[in-house]
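Spelled out from the first residue to the last, the chains are:
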Amino acid sequence: MSVNIFKQEFRMHLRSVITWSVAVAALIFVYTSVFSSMAQDAALLNEAISRFPEELRMAFGMNGLDLSTVLGFYSFAFLFTQICLAIQAANYGFSLVSIEEREWTADFLLAKPVGRAQILTSKLLAALSSLTLTNIVVWISSFSFISLFRGDRAYETKPLLLLLLSIVVFQLFFLTVGLVISLLVKRIRNVTPYSMALAFGMYVLSAFGSMLGESVWEKISPFKHFDPNYIIQHTAYDLPLVMISVSAIIISLVGSYVLYIRRNIPAVV
Amino acid sequence: MSIIEASHLTKTYGKARGIIDVSFQVAEGEIFGFIGPNGAGKSTTIRLFLSLIYPTSGSATIFGKDCIKYGPELRQEIGYLPSDVFYYEGMKVIDLLTYSASFYNRDCTKRLHELAGIMELDLHRRIDDLSYGNKKKVGIVQGLLHQPKLLFLDEPTAGLDPLMQRKFFQLIRQENQRGVTVFFSSHILGEVQRLCSRVGIIKEGRIAEIADILTLQQNNYKRISVAGDNLDPAYFDMPGVSNLEHNNGTVHFFYKGDINTIMRKIGGITLSDVTIEEPTLEEIFMHYYE
């Protein structure tokens, strides 16, 4: 790891980290703030939801969801937080190396006396630290906004902790998969379509995969691996599925190092 | 020991040609000019030496060490000025230069300010706001601030005004006098002629010629013009003569070969005037690209 690259990369992420963190905190705030008023009519709401077609409930992770409980309601908000975190992490993953080639700064950086593995490690750690800042903001806003709006309703801490602890693996999935894809394609001109496609694609696989019953496709989606509804209801992870995420991260990481070290940096044309 | 050595370097991009079987050596303290038109493979060669790209076959060494295996270590002593300079968004000149300096195992602060002074660079401007020429200056300072032993300059003068070009050449000469070896790529022959002692000419990815500038000019070609009444250009059409032209009673041509042969030929007719000159590098160069 080179400290100077880490610092430089971290500094470049900072503005984006602040934007995403504020957005995610606001999202959690809005969701939890409607909880107290919603909870009073939760029976009605649960009733209404149970009348939705099962496919729709599955698509929004509402199957077996009890909106009258604090965590039942929060898990609904958490799904949207996950989508935001996925887009942010995928953004960093896709741009990590590709931004240097798009802005032609690769010539600057790679002509310096550092090895490529060292560059990649520094960049990855800087991106992970940036994502962790957002992660911490999710933790703080979750705990504080829940306690602010839960009224006299109690909730168990353990399922909430499990949910929040899953974030780091979830972020790593999108960071590393984004990175390896960016190294597999020749050149990325704009990161946003890629990160949107990866984040929403995974979400869609998880949401609509369940409509088709047992589907192989949904098994590759971290939205399925870390289904908030499942974690809240079982106070546990679905470990075999979590292992799929972990394996994907390891494979993407190894693949990224191999590809980056052997990569031919395109010249200015 | 040669500072730079390319041995049978080949780089192909899929079907596209990069460079083919390029071999040459640059000795310590030399200013080596690398000339060729755009797309001939000049940048590709430099990028191979910097391990920005990897060769399809062949090898490249710097200071006697393999460029890929010892890349990071070698780059401590290499300065590189890319043909196009683009830097991180939102950075000020001083931020970029400090970041650049932070990679080297020595203190570059003093030299950084010296160079910025010579190049008249405003350190507190944002790089995004700079003109192309000023960005180029940032690139020059960035490439020199760690006092490297070897410089790769990829078309360094593009965008610099003539005054700055002169300062830049002075700077490069000073560095060279301190023992710095310079690899200078360009498609402008005049500047290569002014600065370099030896040149490599690259044509369509292959080395066409490597020679001392003086040898290139003296030993090979003479530019001969003869004037006289009723001159017949066909008279000079003989082996060694090329670019035969005729206008306003004057015949111009290049001659390569035994000088006595052409002198006897010229002596065989009545002339009103004759000039025999060294061709410019430009003219020699054009010859390689015919």
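This text gives an overview of the structure that appears in the document.

**Details of the interface of chain B and chain A**
Across the contact, 24 residues belong to chain B and 27 residues belong to chain A. Taking both sides of the interface into account, the surface hidden between chain B and chain A amounts to around 2400 Å²; carbon and sulfur atoms contribute 58%. When the buried area of chain B at its contact with chain A is split by residue, Leu52(B), Tyr88(B) and Phe103(B) rank highest and sum to 28% of it. Across the contact surface, chain B and chain A share one salt bridge.

**Thoughts on the environment of Ile172(B)**
Residue and element names in this part refer to chain B. For Ile-172, the position within the fold is in helix H6 (residues 162–177). For Ile-172, a relative accessible area of 0% corresponds to the buried category. Sequence-wise, Ile-172 and Leu-151 are 21 residues apart; in three dimensions their C-alpha atoms are separated by 9.1 Å. The residues contacting Ile-172, other than those within four sequence positions of it, are Leu-151, Leu-153, Val-182 and Leu-195.

**Points about the nonpolar core**
The tendency in soluble globular proteins is for nonpolar side chains to be buried as a group. By size, the foremost hydrophobic cluster in this structure holds 144 residues, and its most contacted members are Phe174(A), Phe24(B) and Phe152(B). Contacts of Phe174(A), omitting those with residues within four sequence positions, involve Ala86(A), Ala89(A), Ala90(A), Leu198(A), Ala199(A), Met202(A), Pro222(A) and Phe223(A). Within the second largest apolar cluster, 11 residues are counted, among which are Ile224(B), Val226(B), Phe253(B) and Tyr255(B).

**Here's the deal with a nonpolar patch on the surface**
Residues and elements named next belong to chain A. A cluster of nonpolar side chains, namely Leu-14, Ile-18, Val-22, Leu-133, Ile-136 and Ile-140, defines an oily patch on the protein surface of about 520 Å² accessible area. Residue assignment for the nonpolar patch shows that the elements contributing at least two residues are helix H1 (3–33) and helix H7 (116–149). Within the element layout of this structure, Val-22 appears in helix H1. A relative accessible area of 54% places Val-22 in the exposed class.

**Here's the deal with the sheet that holds strand E9 (residues 198–203) of chain B**
Residues and elements named next belong to chain B. Overall, mixed pairing links the six strands, which are arranged E6-E7-E8-E3-E9-E10 in an open sheet. The open sheet terminates on both sides in strands that have one partner only, identified here as strand E6 (78–81) and strand E10 (206–212). For this sheet, the mean inter-axis angle between neighbouring strands, taken without regard to orientation, is 15°. Sheet topology note: the E6/strand E7 (residues 150–154) ladder contains four bridges and is parallel. The residue of E7 that forms the bridge with Tyr-80 is Phe-152. This element, helix H5 (residues 132–144), spans E6 and E7 of the sheet and lies at about 170° to E6.

Basis of the calculations
Residues numbered from 1 in each chain as written. Chains lettered and ligands numbered in written order. Predicted model: local features only at pLDDT ≥ 70, side-chain atom pairs only at ≥ 80, totals over all residues. Heavy atoms only, no water. Contact = heavy atoms within 4.5 Å. Buried area = accessible area lost by both parts, 1.4 Å probe. Salt bridge = Lys/Arg side-chain N within 4 Å of Asp/Glu carboxyl O. Helix = DSSP H or I, 4+ residues; strand = E, 2+ residues; numbered from the N terminus. Buried < 20%, exposed > 50% of the residue type's maximum accessible area, 1.4 Å probe, protein only. Core = buried A, V, L, I, M, F, W, Y, C linked by side-chain atoms within 4.5 Å. Patch = residues over 30% accessible without salt bridge, like charges linked within 9 Å, V, L, I, M, F, W, Y side chains within 5 Å. Areas by Shrake-Rupley, 256 points an atom, 1.4 Å probe, with all protein chains shown as cover. Pairing = 2+ DSSP bridges. Axes fitted to C-alpha atoms, helices over the stretch in contact; angles between N-to-C directions.

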